[in-house]
Amino acid sequence: MAKLRILFETGAPEQTIEFDPGKAPFQHDGLPGSLLDILLGHGVHLEHACGGNCACTTCHVIVKSGDGHLAEAEESELDLLDKAPGLTATSRLGCQAVVRDDADITILIPRFTINAA
Ligand code: FES
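Cut-offs applied
- Residues numbered from 1 in each chain as written.
- Predicted model: local features only at pLDDT ≥ 70, side-chain atom pairs only at ≥ 80, totals over all residues.
- Helix = DSSP H or I, 4+ residues; strand = E, 2+ residues; numbered from the N terminus.
- Rg over C-alpha atoms; globule rule 2.2 N^0.38 Å.
- Buried ≥ 20, exposed ≤ 12 C-beta atoms within 10 Å, placed from the backbone.
- Contact = placed C-beta atoms within 7 Å.
- Pairing = 2+ DSSP bridges.
- Axes fitted to C-alpha atoms, helices over the stretch in contact; angles between N-to-C directions.
- Core = buried A, V, L, I, M, F, W, Y, C linked by C-beta atoms within 7 Å.

Trainee: Explain the overall build of the protein to me, and be specific about the residues and the numbers.
Mentor: The number of helices and strands found in the protein is three helices and five strands. The helix and strand sequence of the protein, counted from the amino end, reads β-β-α-β-α-β-β-α. Relative to its length of 117 residues, the protein is compact, with a C-alpha radius of gyration of 12 Å against a globular reference of 13 Å. Once the C-alpha set of the protein is aligned to its principal axes, its extents read approximately 35 × 30 × 25 Å. In the protein, buried positions account for 37% of the 117 residues. Considering only contacts within the protein whose residues lie at least 6 apart along the sequence, 61% involve residues at least 24 apart.

Trainee: Could you give an account of the pairing of strand 5 (residues 104-109), with specific residues and numbers?
Mentor: Where a strand is regular, its side chains alternate between the two sheet faces. Along strand 5, the buried face is formed by Ile-105, Ile-107 and Ile-109; none of Asp-104, Thr-106 and Leu-108, which line the opposite face, is buried. In terms of strand pairing, strand 1 (residues 2-8) meets strand 5 through six bridges, oriented parallel. Residue Lys-3 lies in a different strand from strand 5, and its bridge partner there is Asp-104. The sheet contact formed by strand 3 (residues 60-65) and strand 5 spans three bridges and is antiparallel. For Ser-65, the partnering residue across the bridge sits in strand 5 and is Thr-106.

Trainee: Outline the environment of Thr-57, listing residues and values.
Mentor: Counting through the fold element by element, Thr-57 comes out in the loop between helix 1 (35-41) and strand 3. Assessed through the 22 C-beta atoms surrounding it within 10 Å, Thr-57 is described here as buried. Separated by 37 residues in sequence, Thr-57 and Gly-94 place their C-alpha atoms 9.0 Å apart. If sequence neighbours within four positions are ignored, Thr-57 has contacts with Leu-80, Leu-81, Lys-83, Ala-84 and Leu-93.

Trainee: Requested: an account of the sheet that holds strand 1, with residues and values cited.
Mentor: Ordered in space as 2-1-5-3-4, the five strands form an open sheet in which the pairing is mixed. Strands at the two margins of the open sheet, each flanked by one partner only, are strand 2 (15-19) and strand 4 (91-93). Between one strand axis and the next, the sheet turns through 35° on average, direction left out of account.

Trainee: So, the pairing of strand 3: which residues are in play, and what are the values?
Mentor: Looking at chain direction, strand 3 and strand 4 are connected through three bridges and run antiparallel. Its bridge partner being in strand 4, Ile-62 is matched across the sheet by Ser-91.

Trainee: Describe the environment of Arg-92, and please don't skip the residues or the numbers.
Mentor: Its place among the elements puts Arg-92 in strand 4. The exposure class assigned to Arg-92 is buried, which follows from the 25 C-beta atoms found within 10 Å. Distance from Arg-92 to Leu-40, taken between C-alpha atoms, is 16 Å for residues 52 residues apart in sequence. Those residues in contact with Arg-92 that sit more than four places away from it in its chain are Val-61, Val-63, Leu-70, Ala-73 and Ala-97.

Trainee: Talk me through the nonpolar core; I want residue IDs and the actual numbers.
Mentor: Here is a general trend for soluble globular proteins: nonpolar side chains tend to be buried in one another's company. Residues Leu-4, Leu-35, Leu-36, Ile-38, Val-61 and Ile-107 are the most contacted members of the largest nonpolar core, which totals 26 residues. Listing elements by their share of this core, those giving two or more residues are strand 1, helix 1, strand 3 and strand 5. Per-element accounting of this core gives the leading share, five residues, to helix 1. Setting aside residues up to four positions removed in sequence, Leu-35 forms contacts with Val-61, Gly-94, Ala-97 and Ile-107.

By themselves, these figures tell us nothing about what the structure is for.
Okay, structure coming up:
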């Protein structure tokens, strides 16, 4: 089982999701097994204005730990991320960042992401 801990910049209480990456996809938006897929499939809201198609930046999340368990970002994701408000060195697009294995990952959902739509 993998574990995803979610912190919210809004101050909302943190949440933890335990999931089996082998069971992805958990719903229909974003790459199967991506952070967006896992969040939406477990009832945690993350903006995804383009439907998880790597065409906006509203699914921007900041990876606080465990980024080695995420598939590397493709060129298209990096290009888009450049436009994300509040970009950090460990920023990812939730719909593109696929969890590779039984990871223990902590992410922060930025306030501006939530308000972007
Ligand atoms: S939902 Fe639009 S880029 Fe991820």
